[in-house]
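Descriptive analysis of the structure
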Amino acid sequence: MATSTVEDYLKCILLEDQAHPGALVTMGQIASALSVAPGTVTSMVKTLAKSGLVSYEPYSGVELTREGRELAMHVLRRHRLIELFLVEVMGVDWSEVHAEAELLEHAVSDRLIDRMDEMLGRPSADPHGDPIPDARGKLEEPRAASLVGCPLGTPLRVVRVTDQSPEFLQLAEREGLMPGSELTVTSRSEAAGTVLVESAGGREVSLGFRAASMIQAADVTD
């Protein structure tokens, strides 16, 4: 059985790989994501490599082996199903579930996770729109673009919010930018670094490029 620390590292490497495909995950990326010292990361990565869970290239980075990816997907599935269960069944606010799921993902059994999955109707995404791997570890990323890169004047539906800090999620909720919300990007200013969004109800919201890049949307007809 993998320890919670091993699972945290493997999930972190998986998420960094998804965010930056085609490149090795560096020790600095892992250290920043897990808030640990680079030296600690290097020691742990060497241990993971000896266990056959990662391939490590000194001074370059790391990538998951097939076995490591399978375990990382298993942890990610648990995390995202727990988040959705906490919101849909327990009534926990979507801005609070990430930290809770970080703890619970190491404690629940596979049997309980399968039961949660069944109760929730075999969902494809968590409350933030992140895709949930299926029981075989298959993950389908949603077809979407951030509000910085999506077309102007086209009716869109929010499908994913990638910044899951409580503060940003509360902002998204206040401004009506949660997954499922419909909107139109009416204008974009490179000079000011702002995006102007109009909700389905006609409300206008101005977002900076950073905030807009954390919200992904797709054509309502997709």
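Residues numbered from 1 in each chain as written. Predicted model: local features only at pLDDT ≥ 70, side-chain atom pairs only at ≥ 80, totals over all residues. Heavy atoms only, no water.

**Let's talk about the overall build of the protein**
When helices and strands are counted, the protein shows eight helices and eight strands. C-alpha extents for the protein along the principal axes are approximately 55 × 45 × 30 Å. Looking at the 222 residues of the protein, the share that counts as buried comes to 39%. Taking contacts inside the protein between residues at least 6 apart in sequence as the whole, the part at least 24 apart equals 61%. Within the structure as shown, the protein displays about 11600 Å² of accessible surface, and the carbon and sulfur contribution to it stands at 51%. Averaging the coordinates of the 20 positive side-chain charges in the protein and doing the same for the 34 negative ones gives two points 5 Å apart. (Helix = DSSP H or I, 4+ residues; strand = E, 2+ residues; numbered from the N terminus. Buried < 20%, exposed > 50% of the residue type's maximum accessible area, 1.4 Å probe, protein only. Contact = heavy atoms within 4.5 Å. Areas by Shrake-Rupley, 256 points an atom, 1.4 Å probe, with all protein chains shown as cover. Lys, Arg positive; Asp, Glu negative; His and termini not counted. Charge placed at Lys NZ, Arg CZ, Asp CG, Glu CD.)

**Quick look at the environment of P123**
Secondary-structure assignment places P123 in the loop between α6 (110–119) and β3 (145–146). Beyond its immediate sequence surroundings of up to four residues, P123 is in contact with L81, L84, D117 and I132.

**Re helix α7 (residues 166–174)**
Those residues of α7 that sit buried are F168, L169 and A172. Looking down the long axis of α7, one finds its buried residues gathered within 100° of arc, a one-sided arrangement. Residues of α7 that are exposed and point more than 90 degrees away from the buried face comprise E167 and R174. If you follow the buried residues of α7, they end up packed against β4 (156–161), α8 (209–213) and β8 (215–219). Among the residues trailing α7, G176 stands out with phi positive, at a value near 70°. (Arc of directions from axis to C-beta.)

**Considering the layout of surface pockets**
Volume-wise, the largest pocket comes out at about 640 Å³. Lining the largest pocket are 22 residues, with K11, C12, L15, E16 and R80 positioned closest to its centre. Those elements that provide at least two residues to the lining of the largest pocket are α1 (4–19), α2 (27–34), α4 (66–88) and α5 (97–104). A per-element tally of the lining of the largest pocket places α1 first, with seven residues. (1 Å grid on protein atoms, 1.4 Å probe; cavity = no way out; pocket = protein on both sides within 12 Å on 5 of 7 lines; lining within 4 Å. Points joined across faces, edges and corners; volume = space filled by probe spheres on them.)

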